[in-house]
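# Structural characterization, general
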Amino acid sequence: MEMRCRCGDRCIKPISEALKDIELFYKPCKDCKTEKIKKFSPLAEQINLDEIDNYFGSCKCGKRQLDIVMAHVLKIMIDEGIKDKKANLRNSCVPLVTPGYPNDTVPYLPKGCLVILSNEVDKKCAERIIKEVEEVRGVLKGDIRKTVGVKDSDSNPHVYELLAGCDLRCDIVQTPYGALGTYKYQREIHIEFPQIKSPKIEILEKALKDYDKPNVLDCTCGPGTLGIACLKAGARKVVFNDIWNPAIETTLVNLEANGFPVKLSGSEGELIASGDKFEVYSMDVRELANYLDKKFDICIIDTFPGVDTKEFVEAAGKLGKKVVVI
């Protein structure tokens, strides 16, 4: 399957390539500049806003400190009347770094590695940010407190609005079976922030220890992270499923990107795609038992925060020996 980003650029590449020198990706060089900006104090009281442009805080290595980049974004929001002159970095917008990789210090950003999320920004401001702030690749309008996606076939989907650029991000996830990466269009797939140890992976690891090469059903796979981790752990077979079409689209991309070639089904039906040791479906988890006659060793349920999982557990219980809610 060909991996192509919606924006037409080469945003998607094999995760093995994305992982090369990843530990140095956000590290400063010896000449990088540090700007101590107080996040809760008005930016305009700390820096002359007229001085902020792409040269402000820049280094010959091509990187700028995240706080400097955010100051540049906030300056444009103030110019455009989105924010007033008392605005500070903490209440400006949400920075989503890509690739998402845990750092113990403030990251230094190269070009095109930041997606901005704001509930206030408009299209004119977004286009100006893309044009003037080289580190920003995409600008989204939305509320970080509202999870994007769809719960089940009885629910309406919620998405953010892409105002400018490209919102594709890659999250690097560490697992006991090796690092993996998941691409996500953040207007459609829930946002997760990188952690050194993923609580979801830790729960999954405990479940996998009880089985040797299990058959796994990832009932609500999202972008495919947990199911791909199972493949990397040596599962005999993994079935991916999600009712949200954008989640299935990114699952297919992420399988390919992580070294699991995908073959599209090529016909109308419930089976979307398959490959060595995996299949991909797209339906309500409550209907899966009508299409899958196999009994799985493990059924994984990973829903939105706060969702009542009772119906999901009941449906998965018809298909698996062990239901793991994550």
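What comes next is a walk through the structure. Because the structure is predicted, anything quoted here is derived from the model rather than measured.

## Some thoughts on the nonpolar core
Residues Leu-114 and Ile-129 are the most contacted members of the largest nonpolar core, which totals 49 residues. Looking at this core, the elements with two or more residues in it are helix H3 (66-79), strand S4 (114-118), helix H4 (123-132), strand S5 (136-141), strand S6 (161-165), strand S7 (168-173), strand S8 (180-185) and helix H7 (245-257). Here this core gets ten residues from one element, more than from any other, and that element is H3. Residues within four places of Ile-129 in sequence aside, it is in contact with Val-73, Ile-76, Met-77, Val-136 and Val-139. If you look at the next biggest cluster of nonpolar residues, it comprises 28 residues, including Leu-180, Val-262, Ala-273 and Val-280.

## Brief notes about the packing of H3 against H4
The description of two helices packed together rests on the angle between their axes and the distance between the axes. Orientation of H3 relative to H4, taken along the N-to-C sense of each, is 145 degrees, at an axis distance of 10 Å. The handedness of the crossing between H3 and H4 is right-handed. Counted together, His-72, Val-73, Lys-75, Ile-76, Met-77 and Asp-79 of H3 and Cys-125, Arg-128, Ile-129 and Glu-132 of H4 form the full contact between these two elements. Class assignment of the residues belonging to the contact of H3 with H4 gives a composition of five nonpolar, one polar and four charged.

## Section: unusual backbone geometry
Keep in mind that most residues, glycine aside, have a negative phi and that most peptide bonds are trans. In this chain, Thr-98 is followed by Pro-99 through a cis amide linkage whose omega measures 0 degrees. With a phi angle near 55 degrees, Asp-21 is a residue other than glycine that sits in the positive phi range. The topology assignment puts Asp-21 in the loop between helix H1 (15-18) and helix H2 (22-25). One non-glycine residue with positive phi stands out, namely Lys-277, at about 75 degrees. With respect to the helices and strands, Lys-277 occurs in the loop between strand S12 (271-275) and strand S13 (278-281).

## Describing the packing of aromatic side chains
Applying the stated criterion across every chain, the model contains two aromatic pairs. For the pair Phe-25 and Tyr-26, a centre-to-centre distance of 4.8 Å together with 90 degrees between the ring planes defines the contact as edge-to-face. Note on Tyr-26: relative accessible area 2%, which makes it buried. Aromatic pair Phe-240 and Phe-278: ring centres 6.3 Å apart, planes at 85 degrees, arrangement edge-to-face. Pair noted here: Phe-240 is in strand S10 (residues 237-241) and Phe-278 is in strand S13, with a separation of 38 residues, a long-range link. Residue Phe-240 shares its accessibility class with Phe-278, and that shared class is buried.

## Quick word on the side chain of Asp-218
Relative to the assigned elements, Asp-218 resides in strand S9 (residues 215-218). One buried charged side chain, Asp-218, makes no salt bridge at all; its nearest oppositely charged neighbour is Lys-200, positioned 9.5 Å away. Within the local environment of Asp-218, its side chain forms a polar contact with the backbone nitrogen of Gly-227, the two atoms lying 3.1 Å apart. What Asp-218 contacts, discounting residues up to four positions off in sequence, is Leu-226, Gly-227, Val-239, Phe-240, Asn-241 and Ile-300.

## Comments concerning the sheet that holds strand S2 (residues 94-97)
Across the sheet, which stays open at both edges, the four strands sit in the order S2-S4-S5-S6 with mixed pairing between neighbours. Either end of the sheet is taken by a strand with one partner, and the two such strands are S2 and S6. Averaged over all neighbouring strand pairs, the angle between strand axes comes to 25 degrees, with direction disregarded. Direction of pairing for S4 relative to S5: parallel, over a ladder of five bridges. Paired with Leu-114 across the two strands is Val-136, which belongs to S5. The strands touched by H3 within the sheet are S2, S4 and S5, with S4 carrying the most contacts at an inclination of about 45 degrees.

## What about the side chain of Lys-237?
The residue Lys-237 is located in strand S10 in this model. Reaching out from Lys-237, the side chain makes a polar contact with the side chain of Glu-279 at a distance of 3.1 Å.

## Remarks on the pattern of salt bridges
One pass over the full model with this rule turns up 30 salt bridges. We note a salt bridge from Asp-31 to Lys-30, for which the minimum N-O separation is 3.5 Å. Asp-31 gets classed as partly exposed once you look at its relative accessible area, which sits at 34%. On the basis of relative accessible area, Lys-30 is assigned to the exposed category, the value being 78%. Note that Asp-79 is salt-bridged to Lys-75, the shortest N-O span being 3.4 Å. Of this pair, Asp-79 and Lys-75 both sit in helix H3, four residues apart, which is roughly one turn of that helix. For Lys-75, a relative accessible area of 12% corresponds to the buried category. Within this structure, Lys-75, Asp-79, Glu-80, Lys-124, Arg-128 and Glu-132 form a network of salt bridges that share partners.

Cut-offs and rules
Residues numbered from 1 in each chain as written. Predicted model: local features only at pLDDT ≥ 70, side-chain atom pairs only at ≥ 80, totals over all residues. Heavy atoms only, no water. Core = buried A, V, L, I, M, F, W, Y, C linked by side-chain atoms within 4.5 Å. Buried < 20%, exposed > 50% of the residue type's maximum accessible area, 1.4 Å probe, protein only. Helix = DSSP H or I, 4+ residues; strand = E, 2+ residues; numbered from the N terminus. Contact = heavy atoms within 4.5 Å. Axes fitted to C-alpha atoms, helices over the stretch in contact; angles between N-to-C directions. Left-handed = near helix turned anticlockwise from the far one by under 90°. Nonpolar A, V, L, I, M, F, W, Y, C, P; charged D, E, K, R; others polar. Phe/Tyr/Trp six-rings, centres within 6.5 Å; stacked < 30°, edge-to-face > 60°. Lys, Arg positive; Asp, Glu negative; His and termini not counted. Salt bridge = Lys/Arg side-chain N within 4 Å of Asp/Glu carboxyl O. Polar contact = N/O pair within 3.5 Å; in protein donor to acceptor, adjacent residues only side chain to side chain. Pairing = 2+ DSSP bridges.

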